[in-house]
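Next come the chains, spelled out residue by residue.
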Amino acid sequence: MNSKRLLVKDGGFGTQMTIHVGDAVDGDPLWSARFNATNPTAVINTHLDFLQNGADMILTNTYQVSVEGYVEYLELDEKQSVELIKKTVRLAHIAKDKFLNESYQAGLAVNEGFPLVVASIGPYGAHLHDGSEYTGSYADYLPAKVISDWHKTRIDACLEAKVDVLAIETIPCQVEAEALAEMLCEEYPDVKFWISFQCKDGQTLAHGEDFADAALSVWDIVKEHNAVGNCLGIGVNCVHPKFVTSLLKTVNGDKSCVEQIPLVVYPNSGEVYDVNKGWMGKEHCIPLADYVREWVQLGARIIGGCCRTYARDIRQIKSVIDDLNKGK
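Let us look at the structure shown here. (Residues numbered from 1 in each chain as written. Predicted model: local features only at pLDDT ≥ 70, side-chain atom pairs only at ≥ 80, totals over all residues. Heavy atoms only, no water.)

### Notes on the overall build of the chain
Line of reasoning, step 1. Helices and strands together make up the secondary structure of the chain, namely 11 helices and 10 strands.
Line of reasoning, step 2. Its C-alpha atoms put the chain at 55 × 55 × 45 Å along the principal axes.
Line of reasoning, step 3. For the chain, the accessible area works out to roughly 14000 Å², and carbon and sulfur atoms hold 49% of it.
Line of reasoning, step 4. When the 30 basic and 45 acidic side-chain charges of the chain are each reduced to a single mean position, those positions are 7 Å apart. (Helix = DSSP H or I, 4+ residues; strand = E, 2+ residues; numbered from the N terminus. Areas by Shrake-Rupley, 256 points an atom, 1.4 Å probe, with all protein chains shown as cover. Lys, Arg positive; Asp, Glu negative; His and termini not counted. Charge placed at Lys NZ, Arg CZ, Asp CG, Glu CD.)

The following block contains the structure:
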């Protein structure tokens, strides 16, 4: 994996999936994860949408997945739940294989080793179905080891089903990120990963900690374990794009290109969710592609989209990234 080459991540999986299943995603306690069991074809086709529009990597549809959630909402037992997680990873591989075959048949070049299949490892709070992934409130009463141990079941299942990278994403609190960084470095020394935070403004994590403090703390853990080669980046996701530049500057704004920490960025579209009216403000959104050059200057190495971003948004990001990669 060329560390100098900028990479394009896919967009909002649940958002793009509505193209295939309608509006049935929102409001479900399992969110898009239910379709791993009920409509695997839609999962495959959603992955394909992103690959066909330029994504270098696709995240498995496992953000909202947990044994507890599948036991409660799909009436599976623990063994069946773990097997469904593995099956979900295989759906991403099916999409990858279809894309590579399509590309070969069309005579299109694909960078060797790509696309990557990346396991989406959402925060502890996502399985509680109470919105706490956007507050990190569980960090106030749960020991760090309880949180990291809970993550192991899904991580182990994804790794057994073969993924290239773990995306530890939408983490709202510093303690969870630190616990996972320690666990990955100590117990998974051969696994590549990134860790991205959920932030509520241009400086602060959802739980209230300073983003720069949290990011640098995680980076220190990575360095202490000589795991810099495994960490593809630290960053932010599921945030308003207007906050991203400020957040990145707090970490890399005063550093030279050589000193910069590698960053990962995949924000929302800029729309705002209203519990009564749904997503609002689409007409005022600035395309994410318009931000890409300034984020790259601040150290972003992996860029994509999160909620309310579609395959067409990834195609626009890809166009900018291709231009930047030509100059490297």
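### Some thoughts on the pairing of strand β7 (residues 263-266)
Line of reasoning, step 1. Judged by which residues are buried, β7 turns out to be covered on both faces: Leu263 and Val265 on one side and Val264 and Tyr266 on the other are all buried.
Line of reasoning, step 2. Sheet topology places strand β6 (residues 231-237) next to β7; four bridges connect them, and they run parallel. Of the residues in β7, the one forming a bridge with valine 236 is valine 265.
Line of reasoning, step 3. The parallel pair β6 and β7, bridged by helix α9 (residues 241-252), forms a crossover whose chirality is right-handed.
Line of reasoning, step 4. Of the pairings in the sheet, the one linking β7 to strand β10 (residues 300-303) comprises three bridges and is parallel in character. Its bridge partner lying in β10, valine 265 is registered against isoleucine 303. (Buried < 20%, exposed > 50% of the residue type's maximum accessible area, 1.4 Å probe, protein only. Pairing = 2+ DSSP bridges. Right-handed = clockwise from strand over helix to strand, strands pointing away.)

### As for the nonpolar core
Line of reasoning, step 1. Membership of the largest hydrophobic core comes to 87 residues, with the highest contact counts inside it found for Leu166, Phe197, Phe211, Trp295 and Ile317.
Line of reasoning, step 2. Leaving out residues up to four positions away in the same chain, leucine 166 has contacts with Val118, Ala119, Ile121, Ile155, Leu159, Leu184, Val191, Lys192, Phe193 and Trp194.
Line of reasoning, step 3. One finds Met57, Leu59, Ala167 and Ile302 within the second-largest nonpolar core, a separate group that totals 16 residues. (Core = buried A, V, L, I, M, F, W, Y, C linked by side-chain atoms within 4.5 Å. Contact = heavy atoms within 4.5 Å.)

### Observations regarding the state of the cysteines
Line of reasoning, step 1. All chains considered together, the criterion is met by zero disulfides.
Line of reasoning, step 2. No disulfide involves cysteine 173; its sulfur sits 12 Å from that of cysteine 199, the nearest cysteine.
Line of reasoning, step 3. With a relative accessible area of 0%, cysteine 173 lands in the buried category.
Line of reasoning, step 4. Here cysteine 238 is not disulfide-linked; the sulfur of cysteine 307 is the nearest cysteine sulfur, at 3.9 Å. (Disulfide = S-S within 2.5 Å.)

### Quick notes on the packing of helix α7 (residues 174-187) against helix α8 (residues 211-224)
Line of reasoning, step 1. As a packed pair, α7 and α8 sit with axes 9 Å apart at the nearest point and diverge in direction by 15 degrees. By the angle between their directions, the pair α7 and α8 is classed as roughly parallel. Note on packing geometry: the crossing formed by α7 with α8 is right-handed. Facing Gln174, Ala177, Glu178, Ala181, Glu182 and Cys185 of α7, the residues of α8 in contact are Asp213, Ala214, Ser217, Val218, Ile221 and Val222.
Line of reasoning, step 2. A class-by-class count of the residues in the contact of α7 with α8 yields seven nonpolar, two polar and three charged. (Axes fitted to C-alpha atoms, helices over the stretch in contact; angles between N-to-C directions. Parallel < 35°, antiparallel > 145°, perpendicular 65-115°, else oblique. Left-handed = near helix turned anticlockwise from the far one by under 90°. Nonpolar A, V, L, I, M, F, W, Y, C, P; charged D, E, K, R; others polar.)

### Quick look at unusual backbone geometry
Line of reasoning, step 1. That bond from phenylalanine 114 to proline 115 is cis: its omega, 0 degrees, falls within 30 degrees of zero.
Line of reasoning, step 2. One can find proline 115 in the loop between α5 (78-106) and β3 (116-121).
Line of reasoning, step 3. Phi at arginine 308 is positive, roughly 70 degrees, even though this residue is not glycine.
Line of reasoning, step 4. As for its placement among the helices and strands, arginine 308 is situated in the loop between β10 and α11 (311-326).

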